[in-house]
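Inside the fold
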Amino acid sequence: MATLDLSLDAVSLTAALVDIESVSRQEAEIADAVEAALRDLPHLEVVRHGHTVVARTDLGRGERVVIAGHLDTVPVNDNLPSRLEDGVLHGLGTCDMKGGDAVILRLAATVPEPVRDVTYILYEAEEIEATYNGLRLLAEARPDLMAADFAILMEPSNASVEAGCQGTLRVEVRTTGERAHSARSWRGVNAIHGAAEVLNRLAAYEPRRPVIDGLEYHEGLNAVGISGGVAGNVVPDECVVTVNFRFAPDRSEAEAEAFVRDFFEGYDVRLTDTSPGALPGLDRPAARAFVEAVGGQVAPKFGWTDVARFTALGVPAVNFGPGDPLFAHKQDEHVPVEHIERCERQLYAWLTGQDPAEPTGHGTGEGDA
């Protein structure tokens, strides 16, 4: 069984996590290693739910925060094991999001008496269908373990704060026709040709760009798949265009669905997947304090992340983690060492009440427990 040494610096710990293969639905080994390492820390209460591990302080502080990260990755693409070159750690999961997981584990190990009570959550199955998502399952079975005044998702965000997130839904837009032999095509109706107007509407789409809490979001409506055809000599009677709508967090799921159905009026539209967005929540005191502690710069989150799950529970949440999200899921996935060290240093200072500008020994390989 793989083991984890939480006395390692965060970069070395990231490499150790990366080298434990943990493609979605195959997180048992990494979850076992995380659980074993955390159970060795007497200041934490540890709970296991499936392949999700929760570790909590219980010091009676006036505020509780959640710091969370997922343990799974997309499938391997000839990008294991990890390797460190010129201040950059390469390998599957380095960016999305084992660099963030390593920071979580280091904080859990080195901050026994934080100024805020902390719940650390390392969870399964974020990269696949929501049915399997560890946070979703935890929220259903043990919502008490997700209760907090503020939450931080350590998704890659270039080591800066990205607030809220956009919602996402997928629909299938279906055109129908009548089969015929392609040598006598006039005797049928070609459903693939009928999809041309669907694509024309998408090409003419103008995205909405609302400003929320001073942050400009950018919606997107795109065809992400198309299927149709029966055989090389048959006029097809069905074509399906799969469309993804990324909507700003001021729209509800119902409003987003209504917009898409109206946009494709006259067509058979079937909803296949939907997840809500999350408002930034930067007006909350805990959120303001965190933003000030890590530099005050905030950007909107254009992708969907699990901050939405916390928002649904009434917990304001932001994304803050090492790595450029543009390299997530790529074969050359990587994370700058400086990002990992900076995130650890700033979060350590925030949890211990120190000035983040002062040296702490964290993120430098010096003074670690």
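Residues numbered from 1 in each chain as written. Predicted model: local features only at pLDDT ≥ 70, side-chain atom pairs only at ≥ 80, totals over all residues. Heavy atoms only, no water.

Going by the annotation in an unreviewed UniProt entry, the name recorded for the protein chain is Succinyl-diaminopimelate desuccinylase, with Nocardioides marmotae given as the source organism. Looking at the protein chain in UniProt, the text filed under Pathway (unreviewed entry) is "Amino-acid biosynthesis; L-lysine biosynthesis via DAP pathway; LL-2,6-diaminopimelate from (S)-tetrahydrodipicolinate (succinylase route): step 3/3." Under the heading Catalytic activity (unreviewed entry), UniProt records this for the protein chain: "N-succinyl-(2S,6S)-2,6-diaminopimelate + H2O = (2S,6S)-2,6-diaminopimelate + succinate". (UniProt positions renumbered as here; feature names shortened; annotations may be inferred.)

**A short note on the UniProt feature "domain: Peptidase M20 dimerisation" (unreviewed entry) in the protein chain**
Per the UniProt record, "domain: Peptidase M20 dimerisation" (unreviewed entry) is found at residues 167-264. What you have in residues 167-264 is 24% helix and 38% strand, and the ends, taken at the C-alpha atoms, are 19 Å apart. (Helix = DSSP H or I, 4+ residues; strand = E, 2+ residues; numbered from the N terminus.)

**Observations concerning the packing of aromatic side chains**
Per the stated rule, a full pass over the model turns up 9 aromatic pairs. Ring centres 5.6 Å apart and planes at 50 degrees place the aromatic pair Phe-150 and Phe-290 in the tilted group. Residue Phe-150 is found in strand β7 (residues 150-153), and its partner Phe-290 is found in helix α8 (residues 285-293); the two are separated by 140 residues along the sequence. Residue classification places Phe-150 among the buried positions, given a relative accessible area of 0%. On the numbers, 5.0 Å between centres and 70 degrees between planes, the contact of Phe-290 with Trp-350 is edge-to-face. Of this pair, Phe-290 sits in helix α8 while Trp-350 sits in helix α10 (residues 337-352); the two residues are 60 residues apart in sequence, bridging distant segments of the chain. (Phe/Tyr/Trp six-rings, centres within 6.5 Å; stacked < 30°, edge-to-face > 60°. Buried < 20%, exposed > 50% of the residue type's maximum accessible area, 1.4 Å probe, protein only.)

**A short note on the domain arrangement of the protein chain**
Here the protein chain is described as being made up of domain 1 (10-165 + 278-352) and domain 2 (167-275). In this complex, domain 1 contributes 15 residues to the contact, which on the side of domain 2 involves 12 residues. The interface formed by domain 1 and domain 2 contains 0 salt bridges. Taken together, the links from domain 1 to domain 2 amount to 2 residue pairs in polar contact (both at pLDDT 80 or more). A per-class count over the side of domain 1 that touches domain 2 returns 11 nonpolar, 3 polar and 1 charged. (Domains from an automatic or database assignment. Contact = heavy atoms within 4.5 Å. Salt bridge = Lys/Arg side-chain N within 4 Å of Asp/Glu carboxyl O. Polar contact = N/O pair within 3.5 Å; in protein donor to acceptor, adjacent residues only side chain to side chain. Nonpolar A, V, L, I, M, F, W, Y, C, P; charged D, E, K, R; others polar.)

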